[in-house]
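Residues per chain are reported as follows:
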Amino acid sequence: MDRESFTTILGRLHIDAVPILNTNYVWIIRHADHEGAYLLDPGDAAPLKRHLTQNNLALKQIIMTHSHWDHINGLDEMLRWKKVDVIGPECSVIPQVTTPVAEGSRFQLWNNVEVQVLHTPGHLPEHLCYYLPNGNQPVVFSGDIIFSAGCGRIFNGTHAELYNSLQRLNALPSHTQVCCSHDYIMDNLEFAKHVEPDNPYYQERIKSVILRKRMGKAAIPTSIQAERLINPFLRCGEKSIQQSVKRFSQESNHPLGIPTNDLEVFTLLRDWKNQF
Ligand SMILES: [Zn+2]
């Protein structure tokens, strides 16, 4: 079934997810009391221009997480269409950024919705996540760091960086909604089930995701709370994962040998997923 755009309501924030390219979702942030919209990572311009026009939304600013082509490819065309500020990391591959931000930066949407910037390397060195406390309905725009039941690949970074970036997200309030850039949940749950066959939450989640997909719906946003149950990369401290990973290490003759801490468990798990 074709992917469709959908809206998540969190208090006064209305967050549209617009499918672009093969598997990306672009998040567009609107507000019940204010005009205009902010969007993240325009990997393609046409569907976004269409969405904004159809919904009569004036683009206010563009926010960037990182420099992969499927996040930046529509940026120039969006800026030719509407010249707006671009908030993002200082990075030579995204020279369009007009307002560079970094770890600890804060800025406001509509002058009253606070955004906190987290530097989350591991996937790419410049990767940023954006956390909005939003009263008691927090949300994080997590780019390619965490996906439901999985995490991003390491392109230019280390396992330790990606592990720490995931731990930063894991430290957010448990009810934080997670708006990630792709919905790979079915593939991810297949791997998760393989690693931790006795985890009852995987099967349960697979059933609910199949129902959602039949209705053309994505399985995102997810929440930190849900990911603690179904994301093996946040479960490196669990005995069941540790034992499984130890077996993988022995059977594959992995140079790391028997893992002695959570980071090594994570490293083996990430490498295992690459081969799965
Ligand atoms: Zn990426």
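Owing to the predicted nature of the structure, the values given are computational and were not obtained by experimental measurement.

Thresholds, definitions, all that
- Every chain is numbered on its own, with residues counted from 1 as its sequence reads.
- The model is predicted, so local features are restricted to residues of pLDDT at least 70 and side-chain atom pairs to those at 80 or more, both for listing and for counting; the totals for chains, interfaces and linings are taken over all residues.
- Where side-chain values are given, they derive from all heavy atoms of the structure, hydrogens and water being excluded.
- Only DSSP runs of H or I reaching four residues or more are called helices, and only runs of E reaching two or more are called strands; each is numbered from the N terminus.
- The cut-offs for exposure are 20% and 50% of the maximum accessible area for each residue type, with area from a 1.4 Å probe on protein chains only; residues under the lower value are buried, those over the upper are exposed, and the others partly exposed.
- By definition in these notes, contact holds between two residues if any of their heavy atoms fall within 4.5 Å.
- The method behind every accessible area is Shrake-Rupley, applied with a 1.4 Å probe, and residues are considered shielded solely by the protein chains displayed.
- Water is not among the atoms examined, so metal sites may look incomplete; donors are the N, O and S atoms within 2.8 Å of the metal, or within 3.2 Å for Na, K and Ca.
- Square planar and octahedral assignments, for four and six donors respectively, both demand that opposite donors be over 155 degrees apart and that all other angles lie between 65 and 115; tetrahedral needs four donors with all angles between 85 and 135 degrees, and anything else is irregular.
- Two strands make a pair as long as DSSP finds a minimum of two bridges between them.
- To get an axis, a line is fitted to the C-alpha atoms, and for a helix only the part in contact is used. The angle between two axes follows their N-to-C directions and goes from 0 to 180 degrees.

Novice: Looking at this structure, how should I read the overall build of the protein?
Specialist: Scanning the protein for helices and strands turns up nine helices and 15 strands. Projected onto its principal axes, the C-alpha coordinates of the protein cover approximately 55 × 40 × 35 Å. The buried share of the protein, taken over its 276 residues, is 55%. In the protein, the proportion of contacts linking residues at least 24 apart, taken out of those at least 6 apart, comes to 57%. For the protein, the accessible area works out to roughly 12,400 Å², and carbon and sulfur atoms hold 47% of it.

Novice: It is not clear to me how the coordination of the zinc ion should be interpreted in this structure. Could you clarify?
Specialist: Any two of four tetrahedral donors ideally make an angle of 109.5 degrees at the metal, while pairs among six octahedral donors ideally make 90 or 180 degrees. For the zinc ion, the full set of protein donor atoms is His66 (NE2), His68 (ND1), His123 (NE2) and Asp144 (OD), at a range of 2.1 to 2.2 Å. For the zinc ion, the four donor atoms in the first shell make angles of 90 to 159° at the metal, a pattern classed as irregular. Within one chain, the residues donating to the zinc ion are spaced in sequence as H-x1-H-x54-H-x20-D. The same class applies to His66 and to His68, which are both buried.

Novice: Teacher, can you tell me more about the sheet that holds strand β8 (residues 106–109) here?
Specialist: What holds strands together in a sheet is hydrogen bonding between their backbones, with the strands either parallel or antiparallel. Strand order in this open sheet of six strands is β8-β9-β10-β11-β14-β15, and the pairing throughout is mixed. The two strands at the open ends of the sheet, each matched to only one other strand, are β8 and β15 (222–223). The pairing of strand β11 (residues 139–143) with strand β14 (residues 177–180) spans four bridges and is parallel. Paired with Val140 across the strands is Val178, a residue of β14. Those strands touched by helix α4 (residues 159–170) are β9 (113–119), β10 (128–132) and β11, and its axis lies near 155° from that of β9.

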